[in-house]
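Observations on the model geometry
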Amino acid sequence: MPKSTSICDNFLALLYNATTWANVAINATAAPITDIYLALATVTGAPADTMSTNEATYTNYVRKTVVRSTLGWTAPSGASTSNAAAVDFAQCGVTGNTIVAAKTGKAVGASEVFHYGDLNASIAVSSLIRPTFDIGAITITEA
C-alpha cells in the first residue's frame, strides 16, 4: 500500500532535516547523526547494498558529508527533498572511474543505505575531473 504525500514529507524531514514528526517520532536526543553521507557508485544500487558496495575508487575520492538540516537538504515537498547546497567531490588524480549512481547513508564504511539511485547520465571521472552536483541536482523521492 503506498504512503500519502504528507507521510513521505514527514519521513524525509525526519531523516534528512532532523525534524520531529509530531506524535510519531523525534530525532535522537542523546547522539543524533548530524550529517548525511553521499557516496558515488560505479554500478546501479540494489536493496541489500551497503554504502561501500561498488563505491567509487578513483584517486582522491572520499564520501561527502551533507549537513542533516535544511541547510543541507531542502524541506520536503511533494514527497521529495534535494540538496540545498552544491556538492563538490574531490578532483580525480591518476586513476578514474565511471560513476553511474549515488547513495545516501549515515556513516563511513559498510553502513546502511538510506536511498540510492542512478544518475541521469554517467560521469566519466579521469585525471583532473571533479564530480559536482549543483543545488537541487540530487533529488530523493519517497513513494
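Refer to the structure above for everything that follows.
Let us look at the structure shown here.

Conventions we followed
Counting restarts for each chain, with residues numbered from 1 along the sequence as it is written. pLDDT decides what is reported in this predicted model: residues at 70 or higher carry local features, side-chain atom pairs at 80 or more are listed and counted, and totals for whole chains, interfaces and linings draw on all residues regardless. The side-chain numbers reported here are obtained from all heavy atoms of the structure, hydrogens and water having been left aside. Using a grid of 1 Å spacing that covers the protein atoms alone, one calls a set of points a cavity when a 1.4 Å probe fits there but cannot get out, and a pocket when the set is open and has protein on both sides within 12 Å along at least five of seven lines; lining residues are those with an atom within 4 Å of a point. Grid points are joined across faces, edges and corners, and a volume is the space filled by probe spheres set on the points. We count a stretch as a helix when DSSP gives it H or I for four or more residues in a row; a strand needs E for two or more, and each element gets its number in order from the N terminus. Note on residue classes: Ala, Val, Leu, Ile, Met, Phe, Trp, Tyr, Cys and Pro are nonpolar, Asp, Glu, Lys and Arg are charged, and everything else, Gly too, is polar. At least two bridges found by DSSP between two strands is the condition for calling them paired. To get an axis, a line is fitted to the C-alpha atoms, and for a helix only the part in contact is used. The angle between two axes follows their N-to-C directions and goes from 0 to 180 degrees. Take the residue count of a helix, subtract one, and multiply by 1.5 Å to get its expected span. Only protein chains enter the area calculation, which uses a 1.4 Å probe; residues under 20% of their type maximum are buried, those over 50% are exposed, and those in between are partly exposed. For this analysis, residues touch if any pair of their heavy atoms sits within 4.5 Å.

This paragraph deals with empty space enclosed by the protein. As enumerated under the stated definition, the model contains 1 cavity of 30 Å³ or more in all. Quantified by volume, the largest cavity comes out at close to 40 Å³. Ala41, Val43, Thr44, Gly45, Asp49, Thr53, Asn54, Ala101, Ala102, Lys103 and Tyr116 are the residues that line the largest cavity. Per-element tally for the lining of the largest cavity: the top contributor is strand 5 (residues 97-105), with 3 residues. The residue inventory of the lining of the largest cavity, partitioned by class, reads 5 nonpolar, 4 polar and 2 charged.

All right, on to the layout of surface pockets then. Considered as a void within the structure, the largest pocket measures approximately 370 Å³ in volume. Lining the largest pocket are 18 residues, with Asp118, Leu119, Ala137, Ile138 and Thr139 sitting closest to its centre. Breaking the lining of the largest pocket down by element, the ones donating at least two residues are strand 5, strand 6 (113-125) and strand 8 (139-141). When residues of the lining of the largest pocket are assigned to their parent elements, the largest contribution, 8 residues, is made by strand 6. Split into classes, the residues belonging to the lining of the largest pocket amount to 10 nonpolar, 6 polar and 2 charged.

What follows covers the sheet that holds strand 5. One open sheet accounts for 4 strands, arranged 2-1-5-6; its pairing is antiparallel. Since the sheet does not close on itself, it has two edges, and those belong to strand 2 (64-67) and strand 6, each with one partner. Averaged over all neighbouring strand pairs, the angle between strand axes comes to 25 degrees, with direction disregarded. Looking at chain direction, strand 1 (residues 35-41) and strand 5 are connected through 5 bridges and run antiparallel. The residue of strand 5 that forms the bridge with Ala39 is Lys103.

Further remarks concern helix 1 (residues 5-17). When the terminal C-alpha atoms of helix 1 are compared, their 17 Å separation across 13 residues agrees well with the 18 Å that a helix rising 1.5 Å per residue should span. Considered for burial, the residues of helix 1 that qualify are Cys8, Asp9, Leu12, Ala13, Leu14, Leu15, Tyr16 and Asn17. At its buried positions, helix 1 is contacted by strand 1, strand 2, strand 3 (80-82), strand 5, strand 6 and strand 8. Once helix 1 ends, the next one or two residues include Ala18, with phi positive near 60 degrees.

All we've got here are geometric facts, nothing functional implied.
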